[in-house]
Amino acid sequence: MPILLDGKKLASEIKEELKNKTIQLKSAGGKVPHLSAILVGTDGASQTYVNAKVKDCEEVGFESSKFVFDDTITEEELLHEVDKLNNDDRVDGFIVQLPLPKHINVDKVLSAIKPEKDVDGFHPVNFGRMASNLPAYIPATPYGVMELLKRYDIPTRGKHCVVVGRSHIVGSPVSILMGSANYPGDATVTLTHRFTENLEHYTKQADILIVAVGKPGLITADMVKEGVVVIDVGTTRVADATKKAGFALKGDVLFETVAEKASHITPVPGGVGPMTRAGLLMNTWLAAKNEIYG
Ligand SMILES: Nc1nc2c(c(=O)[nH]1)N[C@@H](CN(C=O)c1ccc(C(=O)N[C@@H](CCC(=O)O)C(=O)O)cc1)CN2
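These figures come from a predicted structure and were not determined experimentally.

**Focus: the site of the ligand**
Alright, step 1. Neighbouring the ligand are 19 residues; Tyr-49, Leu-98, Ala-140, Pro-269 and Gly-273 lie closest to it.
Alright, step 2. If you list the elements that add at least two residues to the shell around the ligand, you get α2 (44–60), β4 (93–96), α6 (140–151) and α10 (272–288).
Alright, step 3. In terms of residue count, the dominant contributor to the shell around the ligand is α10 (four residues).
Alright, step 4. Split by residue class, the shell around the ligand holds ten nonpolar, seven polar and two charged.
Alright, step 5. Composition of the shell around the ligand by domain shows at least three residues from each of domain 1 (30–114) and domain 2 (140–272).

Here it is as structure tokens:
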């Protein structure tokens, strides 16, 4: 049986640590961290995630604020809202929940966030600093994955890490971090994507396999080697009438059979998802303490 990488348990440990640090900060007369979130539209999953982020803040004693806009908001109006938060001294960091409606240029909006308040780590300045191994806000999911590897003492130096998916949110940053001169890192990294021919040729070589594509069941047992460490970032909602919510969450990895070959594996739900939320809280703490930009 593989070791289950329990993101839910780790995330609650991290939240407990942050809660204690916030209590200490407060009793020393310090300003409590404040996270804001912008949500555009009515996508069910996005609503769930933003509400969960607000709840996480409450649980650790951070302040939070949520700004919800109709999906008819123009790009100019949204940029104005971003600017308001850039200039609001009460707010230490903020996020714009993705995806955004198609008529809005995502890159333009993310680039409008002040790098010092970009707790999602999506701004090109933070991305560039991360790639240069300088202090930076690291996107929440890669941050969560790194913390998971670290807290479970998974060796990474010299290991072959195969990343499936090259998104700006997960695949691309996680491949940079795994190849960087840190722990977790120092791995030999292969970044695969939708145009990779013969995907299993690469996945079969992985000592550590990180999958972030959003295609349920993409990775099957015949595509991995014995002893692999599997990090499944996928969380796709698949219709399921037997569930109260009307859907089930599915990872990119066919858990039941891949788990038989893996040494360690993340479950879905309860693996990387909760660690993403913990990653955002850790970035918000850093923003409030000016620990990245000093
Ligand atoms: N601005 C951002 N937008 C998006 C990000 C992000 O990091 N910043 N990432 C994803 C969504 N996401 C965070 O926003 C996210 C995804 C999943 C989870 C999570 O806790 N998943 C749970 C299950 C929750 C459920 O029942 O649906 C799990 O896997 O156990 C948290 C956050 C895209 N957008």
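After that view, the rundown keeps rolling.
**Overview of the sheet that holds strand β5 (residues 160–164)**
Alright, step 1. Overall, parallel pairing links the six strands, which are arranged β1-β11-β8-β7-β5-β6 in an open sheet. Strands with a single pairing partner mark the edges of an open sheet, and in this sheet they are β1 (3–4) and β6 (188–192).
Alright, step 2. With two bridges joining them, strand β8 (residues 229–232) and strand β11 (residues 264–265) adopt parallel strand pairing. Residue pairing in the sheet places Val-230 in a bridge with Ile-265 of β11.
Alright, step 3. Contacting β5, β6 and β7 (208–211), helix α7 (residues 171–179) crosses the sheet at an angle of about 165 degrees to β6.

**Quick notes on the UniProt feature "domain: Tetrahydrofolate dehydrogenase/cyclohydrolase catalytic" (unreviewed entry) in the protein**
Alright, step 1. Per the UniProt record, "domain: Tetrahydrofolate dehydrogenase/cyclohydrolase catalytic" (unreviewed entry) is annotated on residues 5–120.
Alright, step 2. For residues 5–120, helix accounts for 49% and strand for 16%, while the C-alpha atoms at its two ends are 23 Å apart.

**Overview of the pairing of β5**
Alright, step 1. Among the five residues that make up β5, four are buried, leaving the element largely enclosed by the rest of the structure.
Alright, step 2. Bridge count for β5 against β6 is five bridges, and the pairing is parallel. Bridge assignment links Val-162 to a residue of β6, and that residue is Thr-190.
Alright, step 3. Between β5 and its parallel partner β6, the chain crosses via α7, and the hand of that crossover is right-handed.

**Regarding α6**
Alright, step 1. Across its twelve residues, α6 extends 16 Å between first and last C-alpha, which sits within 8% of the 16 Å expected from 1.5 Å per residue.
Alright, step 2. With nine of twelve residues buried, α6 lies mostly within the body of the structure.
Alright, step 3. Summarising the contacts, the buried residues of α6 are in contact with α1 (7–27), α7, β7, β8 and α10.
Alright, step 4. Positive phi appears at Asp-153, one or two residues downstream of α6, with a value of about 55 degrees.

**What about unusual backbone geometry?**
Alright, step 1. The omega angle of the peptide bond from Leu-98 to Pro-99 is 5 degrees, so this bond is cis rather than trans.
Alright, step 2. Mapped onto the elements of the fold, Pro-99 is located in the loop between β4 and α4 (106–112).
Alright, step 3. Here Val-268 and Pro-269 are connected by a cis peptide whose omega angle stands at 0 degrees.
Alright, step 4. Its place among the elements puts Pro-269 in the loop between β11 and α10.
Alright, step 5. Non-glycine residue Asp-153 carries a positive phi angle of around 55 degrees.
Alright, step 6. Relative to the helices and strands, Asp-153 resides in the loop between α6 and β5.
Alright, step 7. On the basis of neighbour counts, which here come to 8 C-beta atoms within 10 Å, the residue Asp-153 falls in the exposed class.
Alright, step 8. The phi dihedral of Asn-198 is positive, around 55 degrees, even though this residue is not glycine.
Alright, step 9. Looking at the element boundaries, Asn-198 is found in the loop between β6 and α8 (199–203).
Alright, step 10. For Asn-198, a count of 9 C-beta atoms within 10 Å gives the class exposed.

**Considering the UniProt feature "binding site: NADP(+)" (unreviewed entry) in the protein**
Alright, step 1. Mapped onto this numbering, the UniProt entry annotates "binding site: NADP(+)" (unreviewed entry) at Gly-165, Arg-166, Ser-167 and Thr-235.
Alright, step 2. With respect to the element layout, Arg-166 can be found in the loop between β5 and α7.
Alright, step 3. For Arg-166, a count of 19 C-beta atoms within 10 Å puts it in the partly exposed group.
Alright, step 4. Not counting the four nearest positions on each side in its chain, Arg-166 is found in contact with Gly-171, Ser-172, Leu-191 and His-193.
Alright, step 5. Mapped onto the elements, Ser-167 comes out in the loop between β5 and α7.
Alright, step 6. Apart from the residues within four sequence positions on either side, Ser-167 is in contact with Ser-172 and Ala-212.

**Let's talk about the packing of α2 against α10**
Alright, step 1. Two elements in contact, α2 and α10, have axes separated by 10 Å at closest approach and are oriented at 60 degrees. As summarised for this structure, α2 and α10 are arranged oblique, according to the angle between their axes. In terms of crossing hand, the pair formed by α2 and α10 is right-handed. Mapping the contact onto sequence places Ala-52, Lys-53, Asp-56 and Val-60 in α2 and Arg-277, Leu-280 and Leu-281 in α10.
Alright, step 2. In the contact of α2 with α10, the residues fall into four nonpolar, no polar and three charged.

Quick notes on the rules
Residues numbered from 1 in each chain as written. Predicted model: local features only at pLDDT ≥ 70, side-chain atom pairs only at ≥ 80, totals over all residues. Near = placed C-beta within 6 Å. Helix = DSSP H or I, 4+ residues; strand = E, 2+ residues; numbered from the N terminus. Nonpolar A, V, L, I, M, F, W, Y, C, P; charged D, E, K, R; others polar. Domains from an automatic or database assignment. Pairing = 2+ DSSP bridges. Contact = placed C-beta atoms within 7 Å. Axes fitted to C-alpha atoms, helices over the stretch in contact; angles between N-to-C directions. UniProt positions renumbered as here; feature names shortened; annotations may be inferred. Buried ≥ 20, exposed ≤ 12 C-beta atoms within 10 Å, placed from the backbone. Right-handed = clockwise from strand over helix to strand, strands pointing away. Expected span 1.5 Å × (residues − 1). Parallel < 35°, antiparallel > 145°, perpendicular 65-115°, else oblique. Left-handed = near helix turned anticlockwise from the far one by under 90°.

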